[in-house]
Amino acid sequence: MLYWRIEALHLKLKYTWKIARNASNEKTNFLVQVSDGTFNGFGEAAPNIRYGETPELLLKQYQVLLMAGLANVRSMEELLELLTEHTPVNALRFAVESAYLHYFCQHKGIAVHALLGQEAPRQQATCFSLPIMEVGEVQQFIDQNQLYRFQSLKLKVNREQGLDLVQEVLRITDRPLVVDANEGWHEPDDLMHFLEKLDKRRVLFVEQPMPASHVAAYAHIKDKSPLPLVADESVTDQVDMELIRSQFHGVNIKLMKAGGYLNAVRLLKEARKYGLMTMMGCMVETTLGIWSAMQMSSSFDFADLDGFLILEEEPFDLIREKDGMLYLKQ
């Protein structure tokens, strides 16, 4: 029999993490462990309220999985069957699946990336994300966090301050910039007006500027947009990549949204099939979640894996960051 346990991780942030729809100063993630007494596997859940994921719901769904026979699982096939019959939210599903897969790989002496059919992890460049702030605070934020060491930056924006913030970041630094709107715009014409004012030479692409529900609006502006559009909130565990291609030029795939390594591999293959640019993203996560993402990140075109860098205290120390590059420590 396997022994499972779950533990809340109360994570304080270095600063207020503000995006277009909310702001926070702390985060509650979960550590899931499975063990046979000799070999162990760990997985992280980073719930996101945007997808209806709350700490309370995760704990209730974890208890459902235990009562449904989680401890009696003997193979990945049995685990997947259980997760299908008693489907938890994606963040918990990823934590459970990855914990078991990590345990299996340790038990069998197999590298995680090899089991997934991915390239071996290597040093990985990541962009660094700036939250929404007052324009006058940008210079101090960049200086205090030594952001000149990153090859590229990512800026959270809202409709009210978006253009001013972008222009200020570009004035202060010479780094290429990703603009992330987190569904902040609702009118296509208003969005196009914003996009047309951005510096096409220095802004790499714009992430999810309108709500995922605005399918027709995205399809209408995709070919008119002066900058590539990348889907984030529009890409979860189940997605029609052909439909996504009609709206976007690329996709942001996150393990927490995909609900597991195996589904993330499937989504990556689907995105490649339709010629979409691929980005490996993350939530606010510890280095356990980022370590997991790095098992696949070599196969992606772009990486945004800075979620652990905004934590006041990081509990696992599995990743080292130097000069904007990420390195596996174990």
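Visitor: Where do I start with helix H6 (residues 162-172) in this structure?
Guide: Turn by turn, an α-helix covers 3.6 residues, leaving residues three or four places apart pointing in a common direction. With eight of its 11 residues buried, H6 lies for the most part within the structure. Where the residues of H6 are buried, they touch strand S5 (128-130), helix H5 (138-144), strand S6 (153-156), strand S7 (177-180), helix H7 (188-196) and strand S8 (203-207).

Visitor: Would you explain the packing of aromatic side chains in this entry?
Guide: Pairs of aromatic rings are described using the distance from one ring centre to the other and the angle between the two planes. This structure, assessed with the given rule, holds seven aromatic pairs. Ring geometry for Phe205 versus Phe302: centroids 5.4 Å apart, planes at 85 degrees, classification edge-to-face. Of this pair, Phe205 sits in strand S8 while Phe302 sits in strand S12 (residues 302-303), and the two are 97 residues apart along the sequence. The residues Phe205 and Phe302 share a single accessibility class, namely buried. Of note, Arg320 hangs over the ring of Tyr327, and the distance from its end group to the ring centre comes to 4.5 Å.

Visitor: How should the nonpolar core be read in this particular structure?
Guide: Burial of nonpolar side chains together is a common tendency in soluble globular proteins. Of all hydrophobic cores here, the largest spans 111 residues; its most connected members are Trp4 and Met296. Of all the elements, helix H3 (residues 90-108) adds the most residues to this core, at 10 residues. Cys127, Val178, Val230 and Met279 belong to the second largest nonpolar core, which has six residues in total.

Visitor: I keep staring at the layout of surface pockets and nothing clicks. Help me out?
Guide: Empty pockets left among the atoms are what a rolling probe the size of a water molecule brings to light. Approximately 600 Å³ is the volume found for the largest pocket. Residue lining of the largest pocket: 31 residues in total, with Trp17, Lys27, Pro47, Asn48 and Val284 positioned closest to the centre. The set of elements that each furnish at least two residues to the lining of the largest pocket consists of strand S1 (3-18), strand S2 (23-35) and S6. Broken down by element, the residue count for the lining of the largest pocket peaks at five residues, all from S2. Within the lining of the largest pocket, the residues separate by chemical class into 12 nonpolar, eight polar and 11 charged. Its volume calculated, the second largest pocket comes out at about 320 Å³. Lining the second largest pocket are 14 residues, with Asn40, Phe42, His102, Gln106 and Trp291 sitting closest to its centre.

Visitor: Which parts of the structure should I look at to understand the sheet that holds S6?
Guide: With parallel pairing, the eight strands of this open sheet are ordered in space as S5-S6-S7-S8-S9-S10-S11-S12. Each edge of the open sheet carries a strand with a single partner, namely S5 and S12. The sheet contact formed by strand S9 (residues 229-231) and strand S10 (residues 250-253) spans two bridges and is parallel. Following the sheet pairing, Val230 is matched in S10 by Gly250.

Visitor: Where do I start with the side chain of Asn145 in this structure?
Guide: With respect to the secondary-structure elements, Asn145 resides in the loop between H5 and S6. By relative accessible area, which is 19% here, Asn145 ends up buried. A distance of 2.9 Å separates the side chain of Asn145 from the backbone oxygen of Phe141, its partner in a polar contact.

Conventions adopted
Residues numbered from 1 in each chain as written. Predicted model: local features only at pLDDT ≥ 70, side-chain atom pairs only at ≥ 80, totals over all residues. Heavy atoms only, no water. Buried < 20%, exposed > 50% of the residue type's maximum accessible area, 1.4 Å probe, protein only. Helix = DSSP H or I, 4+ residues; strand = E, 2+ residues; numbered from the N terminus. Contact = heavy atoms within 4.5 Å. Phe/Tyr/Trp six-rings, centres within 6.5 Å; stacked < 30°, edge-to-face > 60°. Lys NZ or Arg CZ within 6 Å of the ring centre and 35° of its normal. Core = buried A, V, L, I, M, F, W, Y, C linked by side-chain atoms within 4.5 Å. 1 Å grid on protein atoms, 1.4 Å probe; cavity = no way out; pocket = protein on both sides within 12 Å on 5 of 7 lines; lining within 4 Å. Points joined across faces, edges and corners; volume = space filled by probe spheres on them. Nonpolar A, V, L, I, M, F, W, Y, C, P; charged D, E, K, R; others polar. Pairing = 2+ DSSP bridges. Polar contact = N/O pair within 3.5 Å; in protein donor to acceptor, adjacent residues only side chain to side chain.

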